[in-house]
Amino acid sequence: AEIDKNQISPSRIVVAGFSQGGALALHTSLRSTYTLGGCIALSTWLPFRQEYPAAISSSATNLKILQVHGDEDLVVSLKWGEKSYEILKTLIQEPAPEFAVISGMGHSSDPEEIELVRKFLASVFKKE
């Protein structure tokens with residue numbers, strides 16, 4: 001509704017989240033009927049993965065995705081993140097989803113992660 005009401009280009013929207021919020025960001029972005037600018041998924045997993053590839057929207061087949069996970073996450077296992085990434089790579093080939101593992105990071109954030117997010121956002125919102 002906000003996209004239509006305020007005439008915001010969907011390509012200027014990045015959906016992002018951490019943990020359960022990251023799962024919701026992936027879920028929403030992959031099923032959106034709009035061609036979004038990207039998705040940032042931090043310390044998370046792909047929910048309802050058994051529903052893919054049928055559930056992916058045609059608008060999301062070229063979605064830019066940044067996924068970051070800590071190798072010491074005791075809340076959301078790194079294996080869940082890695083499995084989600086493997087699925088995402090089969091759904092979206094261009095641009096290839098990005099997956100970064102941060103050494104020593106638990107279920108939290110880190111300056112290295114923030115820098116990855118900054119670079120990702122800069123790539124989405126670069127001057128045209």
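Each value, and the rule that gives it
Residues numbered from 1 in each chain as written. Predicted model: local features only at pLDDT ≥ 70, side-chain atom pairs only at ≥ 80, totals over all residues. Heavy atoms only, no water. Helix = DSSP H or I, 4+ residues; strand = E, 2+ residues; numbered from the N terminus. Rg over C-alpha atoms; globule rule 2.2 N^0.38 Å. Buried < 20%, exposed > 50% of the residue type's maximum accessible area, 1.4 Å probe, protein only. Areas by Shrake-Rupley, 256 points an atom, 1.4 Å probe, with all protein chains shown as cover. Lys, Arg positive; Asp, Glu negative; His and termini not counted. Charge placed at Lys NZ, Arg CZ, Asp CG, Glu CD. Salt bridge = Lys/Arg side-chain N within 4 Å of Asp/Glu carboxyl O.

Colleague: Please clarify how the overall build of the protein should be interpreted in this entry.
Modeller: Assigned secondary structure in the protein consists of four helices and four strands. Starting at the N terminus and walking to the C terminus, you meet the elements of the protein as α-β-α-β-β-α-β-α. The C-alpha atoms of the protein give 14 Å as radius of gyration, which agrees with the globular expectation for 128 residues (14 Å, within 12%). Viewed in the frame of its principal axes, the protein has a C-alpha envelope of about 40 × 35 × 25 Å. Taken over 128 residues, the protein has a buried fraction of 42%. When the accessible surface of the protein is summed, it comes to about 7100 Å², and 55% of that surface belongs to carbon and sulfur atoms. Each charge sign in the protein was given a centre, from 12 positive and 15 negative side chains, and these centres are 5 Å apart.

Colleague: Could you clarify how one ought to interpret the pattern of salt bridges in this entry?
Modeller: A side chain of one charge can pair with a side chain of the opposite charge if their charged atoms are brought near each other. Applying the stated criterion across every chain, the model contains three salt bridges. We note a salt bridge from arginine 31 to glutamate 51, for which the minimum N-O separation is 2.6 Å. Of the two residues, arginine 31 sits in helix α2 (residues 20-31) while glutamate 51 sits in the loop between β2 (38-42) and β3 (65-70), which places them 20 residues apart along the sequence. Take arginine 31: its relative accessible area is 27%, and that puts it in the partly exposed class. Taking the relative accessible area as the measure of exposure, glutamate 51 reaches 34% and is therefore partly exposed.

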